[in-house]
Amino acid sequence: QVQLVESGGGLVQPGGSLRLSCAASETIFSTYSMGWYRQAPGKQRELVASISRGGSTNYADSVKGRFTISRDNAKKMMYLQMSSLKPEDTAVYYCNTSPSANVEWGLGTQVTVSS
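Residues numbered from 1 in each chain as written. Predicted model: local features only at pLDDT ≥ 70, side-chain atom pairs only at ≥ 80, totals over all residues. Heavy atoms only, no water.

Undergrad: Help me understand the sheet that holds strand S2 (residues 10-12) in this model?
TA: Hydrogen bonds between backbone atoms are what pair the strands of a sheet, whose relative direction is either parallel or antiparallel. With mixed pairing, the six strands of this open sheet are ordered in space as S2-S10-S9-S4-S5-S6. Sheet topology places S2 and strand S6 (57-59) at the edges, where each strand pairs with a single neighbour. Neighbour to neighbour, the strand axes of the sheet diverge by 25° on average, direction disregarded. Taken together, the three bridges between S2 and strand S10 (residues 109-113) define a ladder with parallel strand orientation. (Pairing = 2+ DSSP bridges. Helix = DSSP H or I, 4+ residues; strand = E, 2+ residues; numbered from the N terminus. Axes fitted to C-alpha atoms, helices over the stretch in contact; angles between N-to-C directions.)

Undergrad: How do you make sense of the side chain of Ser 21 when you look at a structure like this?
TA: Note on placement: Ser 21 falls in strand S3 (residues 18-24). Those residues in contact with Ser 21 that lie beyond four places of it in its chain are Val 5, Glu 6, Ser 7, Trp 36, Met 77, Met 78 and Tyr 79. (Contact = heavy atoms within 4.5 Å.)

Undergrad: I would appreciate a short explanation of the packing of aromatic side chains in the present structure.
TA: Given two aromatic rings, their pairing is described by the distance between the two centres and the angle made by the two planes. For the structure shown, the criterion picks out two aromatic pairs. With 5.0 Å between their ring centres and 85° between their planes, Tyr 37 and Trp 105 make a pair best called edge-to-face. Linking Tyr 37 in strand S4 (residues 34-39) with Trp 105 in the loop between strand S9 (91-97) and S10, this pair joins segments that are 68 residues apart in sequence. Taking the relative accessible area as the measure of exposure, Tyr 37 reaches 11% and is therefore buried. (Phe/Tyr/Trp six-rings, centres within 6.5 Å; stacked < 30°, edge-to-face > 60°. Buried < 20%, exposed > 50% of the residue type's maximum accessible area, 1.4 Å probe, protein only.)

Following this line, the structure appears as structure tokens:
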């Protein structure tokens, strides 16, 4: 049973923008705060942004002011608007609960920032 599906990644030049989307099951979306994570090659997966069911947000210092997380509870969708992208933002991006609730990870979506 697929519970989390990420989409919207791609290749973008430095300074560009992308919008990621996450489709979640009803159970997950109605129960948990959610987050966007990323994993760059050779590095551990890290949380970059989180949002509560009520819409309160938190961001990693590395993306603060450049990324915006949002959620649409009616559609069971979460988004990550990424602007002023840098090569160091290159990673596979995943959505999941935050904090962890042992929900299986999706396949993620690749974001590559390169000229």
